[in-house]
Amino acid sequence: MDKTYQPAAIETSWYKTWEDNNYFAPSGEGEAYSMVIPPPNVTGSLHMGHAFQHTIMDTLVRYQRMQGKNTLWQVGTDHAGIATQMIVERKLANESGQTRHDLGREAFTDKIWEWKEESGGNITRQMRRLGNSVDWQNERFTMDPEFQQSVEQAFISLYDDGLIYRGKRLVNWDPKLHTAISDLEVESKEVKGKLWYLRYPLVDGATTAAGDDYIVVATTRPETMFGDTAIVVNPEDPRFQSIVGKEVLLPLVGRRIPIIADEHADMEKGTGCVKITPAHDFNDYEVGKRCQLPMINVLTFNAEIREQGQGFNSDGTVNTEINCHIPSQYHNMERFAARRAIVAEFESMGLLVKVEENNMTIPYGDRGGVVIEPMLTDQWFADAKTLAKPTIEAVENGDINFVPKQYENMFFSWMRDIQDWCISRQLWWGHRIPAFYDIQGKVYVAPTAEEARIKYNLSADLELTQDNDVLDTWFSSGLWSFATMGWPKQSDRLETFHPTDTLVTGFDIIFFWVARMMMMSMHLCKDKDNKPQIPFKTIYMTGLVRDESGEKMSKTKGNVLDPLDMIDGISLEDLLEKRTGNMMQPQMAAKIRKRTEKEYADGIPAHGTDALRFTLAALASTGRDINWDMKRLEGYRNFCNKIWNAARYVEMNAQGEDCGQNGGDIELSLADRWIVSKLQQIEIDVTRNIEEYRLDLAAQTLYDFIWNEYCGWYLELSKPVLWNEEASDAQKRGTRQTLVRVLEVIMRLTHPIMPFLTEEIWQSIKQLAGVSGDSIMLQSYPKADHSKIDTAAEADIEWLKGVITGVRNIRGEMGISPAKELSILINNGSASDQQRLQDNRNFLMKLASLEQITWLNPGDEAPMSATQLVGKMEVLVPMAGLIDKDAELARLSKEIEKLNKEVGRIEGKLNNQKFVANAPEAVVAKERDKIAQFKAAQLKFIEQHEKIAAL
RNA sequence: AGGACUAUAGCUCAGUUGGUUAGAGCGCUACCUUGACAUGGUAGAGGUCGGCAGUUCGAAUCUGCCUAGUCCUACCA
């Protein structure tokens, strides 16, 4: 073994071994345990959030595999419709200046497939580096032909069940990407806007209660006024009762529109009069439906003013009656330019009453980044309300659990108020909607035109054309848990592994994906008894991985960290190139460069996968965001090195020696019995922690045990035995065996979090430990043996530690070199102290670096000494020639002062009659015990202080 | 506006049903190349647990209010 831990030397080869041997595939034996990966974008790359979730998932699945379960971690990627199409469009523009329309649909999607072939391996390569034990042989992609069939089947079933419908609706339209998007893909942003007060003249001599021959409407979007089809006032509003039923003349276009009464108008708000533009505002759309107002669309798909508005009735049918005239100077004007022009014209006509500053939230497309336009279009919708109902019940009755629990609230509040889901997208990359139209526009839903003719009894020569649109990517992702297992085909795989056990994902996609997967699964998948099947039993929600200052990682901020760079390391130059190259906003580059140079002056050193995984696990307290801390990663890399070197020590002392593999007498030292006892407790704790999804506690428990107990104490305690020429073979055999076997168990305990290091070490010591097997992955997870818990040994070791630490404390405080061997005396010891001393003299001499230990009987004269207490027993280090009088006085004063504080605190408690009367007996007794101990110690130190001061 | 979460050492985080001398890593101070490890060892320093009230014999922990931050939902004429 190398002197230092070299992760690069072991990681890739072990992964290859595991994969080549097919260890990741379900074993086919034992109780099933399954998980599906949240499918990443096929052409994307893994970020820290993935590394985090994958670490959690892999830890869980490795743990369950070692528990003997038949484990499946289903892997795959999704096609990320909008994102991928955008990337390829941009790439095409850069390379040839062409648009997708230049190529045509088929040639363009071929380009996307090419891009997928080119870059699609990224993600899977990264997952291999992270050590993920996924079932590669059954990797799935949402655009695979089989998956395609699942999607078609799902769509058709939902349609046939009346849960999908098509209609002309107001939807969120992205004018840049030219597609509808769902309400979840809209991000609201706070902006400072304006509120324009516009005067609309009344006609036919009508006047308000105030006698005005006009009304004033306030609007944030003047450019939509070409599409106004009514003014509403509140039916109770005394100011406007006289004009209800009358009309105004819409300025600029000269169309007469009615004034109607509707509770939508709030008397307290604005002017009390609201202009209604049903084709361009969601609220107005509702009013329009309620009051049967016509709708006029005045914008193109580019969000420019149309040359002629499009008229519709409130039911979506075409309205040819209404005057849709738009003045020619506005034709094809961009929406915000049109806004300015319209305001200017109102002003010039004296119809602009005032302008107010107005804070408001504006919807932006999360992909394209432009302001979303409510647009009247034909779209497909899923009846989310109906689909949501059983999922709510599943969470209510505990079939599905959220970890942590509070995410239930979020889930309920969204699901109980869910809107129908717009599932069609005007894109080319995705699952083409399996719907066909005849010349009249009548729709037939089937996988192919041929099947549609059969299904709907149509004549063979009826011409049918397929819908141009594709389905929302999340529609297919919603089928993920079961379509990856072959649904709708029934198979062993589906039957064995669905529902899955645990879903690990971020709360940011709880509605996009988690909720929709629940809806789809419960509607489409049924048990044998026809009970809706949930997709997973537990949903473990992770927080976000943020940068060191708590900011979200993003390309524009230039604070993104690539998990692989932490594994392999990266130079500053390469990191700068990564962060500033190929930017959407090059103006940010200088700032990012400066920041990166400051934070990573020497780049990032290599830490290895195990250290990265351990760090992520250690930070994984449930549901909480993580602020990434490079120092912590460094600390855990050191931990790996510590384990590595502990293993080296074990190997050096055990290799070629008799470790009891083949029998022989065994005599266990106190230390041996102690570490084995401790190990049992650790096994219990770590197992519980993992079962409770507290990987942070599991990591902490392992860290503490391995570093502080096993390395810090046990390895040191093994030396006096192994290096003692007088020790018997049985004693040496006992310690060697303990050394090796405990290490072997530790490796198995730690393996789910740190797979590589543990495999490497396990392989090199397995024979010494008397175990066999091809891989640690396939070994069983350690299980505590309660009969090995030895409380007497634990107490003895505590005593031993107390004495050793006492001596070390005097050494440290007094500046005595560790090389100087000390002679100490033990005073005021009990019979059990004497027994312990006798039994452990060897350990003490070695670990406290002593020359001699003298036991003082009552009445024996003690030299002037620095004193430490272990219980009532005094550990004395003679001062003569070693210890400065003033230094010892200062040390004693410090101890006395410390105890003083404690004594005062407890006295206060015990003097409180109510405490003594009300607190449980045990608690009071404990306090009494403590104070007696502290007081005795204090007294001892005071005496000592007086004695020394008197010298 | 409603809701959720967070606030503990200089930094990143633990703290299970109220009773601990409030913990860990990193950083800091002093000493130490002792035959696994300087990616190390030993000994230390450092916290009135965001603030104010309350419940209780007892609060980092439970309740209320306040402050700051993060997020979600809604509204915006």
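Residues numbered from 1 in each chain as written. Chains lettered and ligands numbered in written order. Predicted model: local features only at pLDDT ≥ 70, side-chain atom pairs only at ≥ 80, totals over all residues. Heavy atoms only, no water.

Moving on to the overall build of chain A. Helix and strand counts for chain A come out as 30 helices and 31 strands. Taken against the 2.2 N^0.38 rule, which gives 30 Å for 951 residues, the C-alpha radius of gyration of chain A at 38 Å runs more than 25% over that of a compact globule. For chain A, the spread of C-alpha atoms along the principal axes amounts to about 120 × 70 × 60 Å. Taking all 951 residues of chain A together, the buried fraction comes to 55%. A total of about 41600 Å² of accessible surface is found on chain A, and carbon and sulfur atoms cover 47% of it. (Helix = DSSP H or I, 4+ residues; strand = E, 2+ residues; numbered from the N terminus. Rg over C-alpha atoms; globule rule 2.2 N^0.38 Å. Buried < 20%, exposed > 50% of the residue type's maximum accessible area, 1.4 Å probe, protein only. Areas by Shrake-Rupley, 256 points an atom, 1.4 Å probe, with all protein chains shown as cover.)

Another aspect to go through is the pairing of strand E24 (residues 500-506). Among the seven residues of E24, seven are classified as buried, and the element is accordingly described as predominantly covered. Bridge count for E24 against strand E25 (residues 536-542) is six bridges, and the pairing is parallel. Following the sheet pairing, Val-504 is matched in E25 by Tyr-540. Each parallel crossover has a hand, and the one from E24 via helix H16 (residues 510-524) to E25 is right-handed. (Pairing = 2+ DSSP bridges. Right-handed = clockwise from strand over helix to strand, strands pointing away.)

Moving on to the protein's contact with RNA strand B. The environment of RNA strand B is made up of 62 residues, and the closest members are Asn-283, Thr-361, Ser-621, Asn-809 and Lys-930. Sugar plus phosphate: this is where 65% of the atoms of RNA strand B within 4 Å of the protein reside. Measuring from a sugar or linking oxygen of RNA strand B, one finds a side-chain N or O atom of Gln-700 at 3.3 Å. In this structure, Glu-716 approaches RNA strand B through a side-chain N or O atom, which is 3.0 Å from a base nitrogen. If one sorts the elements of the surface near RNA strand B by residue count, helix H21 (residues 630-654) sits on top with 11 residues. (Near = heavy atom within 4 Å. Polar contact = N/O pair within 3.5 Å; in protein donor to acceptor, adjacent residues only side chain to side chain.)

Attention now moves to the confidence of the model for chain A. Here chain A averages 90 in pLDDT, and 100% of its residues register 70 or above. Across chain A, the secondary-structure element scoring lowest on mean pLDDT is helix H19 (residues 589-599), at 84, and the one scoring highest is strand E2 (residues 70-74), at 97. Among the scores for the predicted complex, ipTM is 0.94 and pTM is 0.92. (pLDDT = per-residue confidence, 0-100.)

Time to look at the packing of aromatic side chains. Summed over all chains, the structure comprises 33 aromatic pairs. Look at Tyr-5 and Trp-644: their rings are 6.1 Å apart centre to centre, the planes differ by 50°, and that puts the pair in the tilted class. Of the two residues, Tyr-5 sits in the segment before helix H1 (7-20) while Trp-644 sits in helix H21, which places them 639 residues apart along the sequence. You can call Tyr-5 buried: its relative accessible area is 7%. With relative accessibility at 5%, the residue Trp-644 sits in the buried group. Between Trp-421 and Phe-475 the ring centres are 6.1 Å apart and the planes differ by 40°, which places this aromatic pair in the tilted class. Pair noted here: Trp-421 is in strand E18 (residues 421-422) and Phe-475 is in helix H13 (residues 473-477), with a separation of 54 residues, a long-range link. Assessed through its relative accessible area of 0%, Phe-475 is described here as buried. Connected via pairs of aromatic rings, a cluster forms that spans Phe-155, Tyr-159, Trp-380, Trp-421 and Phe-475. (Phe/Tyr/Trp six-rings, centres within 6.5 Å; stacked < 30°, edge-to-face > 60°.)

What follows deals with the state of the cysteines. Tallied over the entire structure, the rule returns zero disulfides. The thiol sulfur of Cys-324 is not disulfide-bonded, and the nearest other cysteine sulfur, from Cys-291, lies at 19 Å. Its relative accessible area of 5% is what places Cys-324 among the buried residues. (Disulfide = S-S within 2.5 Å.)

Once that is clear, we can look at the pattern of salt bridges. All told, the structure shown has 56 salt bridges when counted by the stated rule. Residue Lys-578 pairs with Asp-565 through a salt bridge whose shortest N-O separation is 2.8 Å. Of this pair, Lys-578 sits in helix H18 (residues 572-580) while Asp-565 sits in helix H17 (residues 563-568), and the two are 13 residues apart along the sequence. Close ionic contact of Asp-685 with Arg-688 constitutes a salt bridge, the shortest N to O distance being 3.7 Å. In this pair, Asp-685 and Arg-688 both sit in helix H22 (residues 670-691), three residues apart, roughly one turn of the helix. Under the relative-accessibility criterion, Arg-688 is labelled partly exposed at 41%. Where salt bridges share partners, they join Arg-221, Glu-223, Arg-335, Arg-339 and Glu-373 into one cluster. (Salt bridge = Lys/Arg side-chain N within 4 Å of Asp/Glu carboxyl O.)

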